[in-house]
Amino acid sequence: PGACPALCECSEPARTVKCVNRNLTAVPPDLPPYVRSLFITGTPLTDLPAGAFPAQRLPDLASLNLSGNHLRTVEAGSLALPALRQLDLSGNALVSLSPQAFGEGGSPLEELALRGALRDHGVLLGLAALLQSGALRNLSRLELADNGLLLLPAGIFTALPALRQLDLSNNSLVGLRNVSFQGLGQLQSLNLSDNSLGVLRNGTLAQFRGLPALRHVRLDRNAWVCDCAIEDLLAWLKDSDQVEGKEALTCASPDKMLGKALLKINGSDLNCSVPTDLPSQLQTSYVFLGIVLALIGAIFLLVLYLNRKGIKKWMHNIRDACRDHMEGYHYRYEINADPRLTNLSSNSDV
């Protein structure tokens, strides 16, 4: 029971097993039960089936590093370990991540690293389902960096009340409008550096203000667009102490603002004489259209009122003409309907 698996190195005093850069295609079935920290990295391992780490044989396994392998699928029940606190799946080309990977009940997992492992959109949806299920309510650190993410699924963080550190750096995020940070009352650190953010809307900023523990926000190396839409972000940066290195944040566009520090921008630099908010523009257009139609209607009624006598005479003339025309039709109908009148009409013609 205490033997070390082939292709692995074991240290019973340190309760550690390392299977690094070996030709492993499956998890060793004979892992020693004393293991607390397990490293399986740099191997051709492609699949984690159910029961890959038997809970009965590995009751103390707390730290599991599976980074840098060729993992593609993480099946249901494959990570159902009662003492697991740290899990690293970084550097794997995951294709499938089961929402039941940690079993049916909740997991004690506190740290989850998925750096560079979510390139497939289906895996991102599987992770969102896993997080929203509440199975990882004890999670305090989540690393999602280096995944090329454009947008995040709505509500992905809503069931993580213990989360303290969230790393979303080095992605391609273009906005956070559909992301809710409400409920993350313990969040202390949020890394949004090296993304494609052009602006942060007032709704997102209001959520940041409402997080009492948030003290470390990184926004450097983003594509900030310095037009009128950035006014809310500028006001927040000047009033808040949550952003690290905010003095170094600079504009990426338009060309006339390129490289200018955000904190040094004045209202006159933005040229906000024309509103940029499309809904406001549409609302203004609708109001103007309503006013124009109301004026046209008023003018039409005024014309009718001023010409009421002529219109009344014209209506009477039309009525008389229609009456004469209908009487002619009625006379002809009576003649055609009475045979005697028809004969009389014929004799008269003769």
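All of these numbers come straight from a predicted model, not from anything done at the bench.

Q: With reference to specific residues and values, describe the sheet that holds strand β7 (residues 86–88).
A: Ordered by their spatial adjacency, 10 strands build an open sheet running β1-β2-β3-β5-β7-β9-β10-β11-β12-β13, and the pairing between neighbours is mixed. In this open sheet, the two strands that pair with only one neighbour each are β1 (9–11) and β13 (216–218). Averaged over all pairs of adjacent strands, the angle between their axes in this sheet comes to 5°, without regard to strand direction. Summarising the sheet, strand β5 (residues 63–65) and β7 pair through 3 bridges and their orientation is parallel. In the strand pairing of β7, serine 63 is matched with glutamine 86.

Q: I'd like to hear about a nonpolar patch on the surface, residue by residue, with values.
A: A cluster of nonpolar side chains, Phe300, Leu301, Leu304, Ile311, Trp314, Met315 and Ile318, forms an exposed patch at the surface whose accessible area comes to about 690 Å². For the nonpolar patch, the elements supplying multiple residues, two or more each, are α5 (278–306) and α6 (308–337). It is α6 that contributes the most residues to the nonpolar patch, 4 residues altogether. Tracing the backbone shows tryptophan 314 in helix α6.

Q: Provide a residue-level description of the pairing of strand β2 (residues 16–20), including the pertinent values.
A: Bridging between β1 and β2 involves 3 bridges; their strand directions are antiparallel. Opposite serine 11, over in β2, you have threonine 16 as the bridge partner. The antiparallel hairpin formed by β1 and β2 contains 4 residues in its connecting segment, where arginine 15 sits at a positive phi of about 55°. The sheet contact formed by β2 and strand β3 (residues 37–41) spans 5 bridges and is parallel. Bridge pairing in β3 places cysteine 19 opposite isoleucine 40.

Q: Account for the nonpolar core, naming residues and giving values.
A: Residues Leu48, Phe53, Leu142, Phe157, Phe181, Leu219 and Leu262 are the most contacted members of the largest nonpolar core, which totals 84 residues. Where this core is concerned, the elements lending two or more residues are β2, β3, α1 (121–132), α2 (202–209) and α3 (231–239). A per-element tally of this core places α1 first, with 6 residues. Aside from chain neighbours lying at most four places away, what touches leucine 219 is Leu192, Leu200, Trp224, Trp236, Leu237, Val243 and Leu249.

Q: Outline the UniProt feature "transmembrane region" (unreviewed entry) in the chain, supporting the account with residue identities and numerical values.
A: UniProt records the feature "transmembrane region" (unreviewed entry) at residues 286–306, using the numbering of this structure. Across residues 286–306 one finds 100% helix and 0% strand; the C-alpha atoms that close the span lie 31 Å apart.

Q: Tell me about the sheet that holds strand β4 (residues 47–48), residues and numbers included.
A: The strand order β4-β6-β8 describes an open sheet built from 3 strands, whose pairing is parallel. A strand with exactly one partner marks an edge of an open sheet, and here the two such strands are β4 and β8 (96–97). Judged from the 2 bridges that link them, strand β6 (residues 73–74) and β8 form a sheet pairing that is parallel. Paired with valine 74 across the bridge in β8 is leucine 97.

Q: Which residues make up the pattern of salt bridges, and what values do they have?
A: Across all of its chains, the model carries 10 salt bridges by this definition. One salt bridge in this structure joins aspartate 167 and arginine 115, with 3.6 Å as the shortest N-O distance. Note that aspartate 167 is positioned in strand β11 (residues 165–167) and arginine 115 in the loop between β9 (111–113) and α1, a separation of 52 residues in sequence. What makes arginine 115 partly exposed here is its relative accessible area of 30%. Linking aspartate 220 and arginine 221 is a salt bridge whose minimum nitrogen-to-oxygen distance equals 3.0 Å. In the salt-bridge network here, residues are joined through shared partners; they are Arg115, Arg141, Glu143, Asp146 and Asp167.

Definitions and limits used
Residues numbered from 1 in each chain as written. Predicted model: local features only at pLDDT ≥ 70, side-chain atom pairs only at ≥ 80, totals over all residues. Heavy atoms only, no water. Pairing = 2+ DSSP bridges. Helix = DSSP H or I, 4+ residues; strand = E, 2+ residues; numbered from the N terminus. Axes fitted to C-alpha atoms, helices over the stretch in contact; angles between N-to-C directions. Patch = residues over 30% accessible without salt bridge, like charges linked within 9 Å, V, L, I, M, F, W, Y side chains within 5 Å. Areas by Shrake-Rupley, 256 points an atom, 1.4 Å probe, with all protein chains shown as cover. Salt bridge = Lys/Arg side-chain N within 4 Å of Asp/Glu carboxyl O. Core = buried A, V, L, I, M, F, W, Y, C linked by side-chain atoms within 4.5 Å. Buried < 20%, exposed > 50% of the residue type's maximum accessible area, 1.4 Å probe, protein only. Contact = heavy atoms within 4.5 Å. UniProt positions renumbered as here; feature names shortened; annotations may be inferred.

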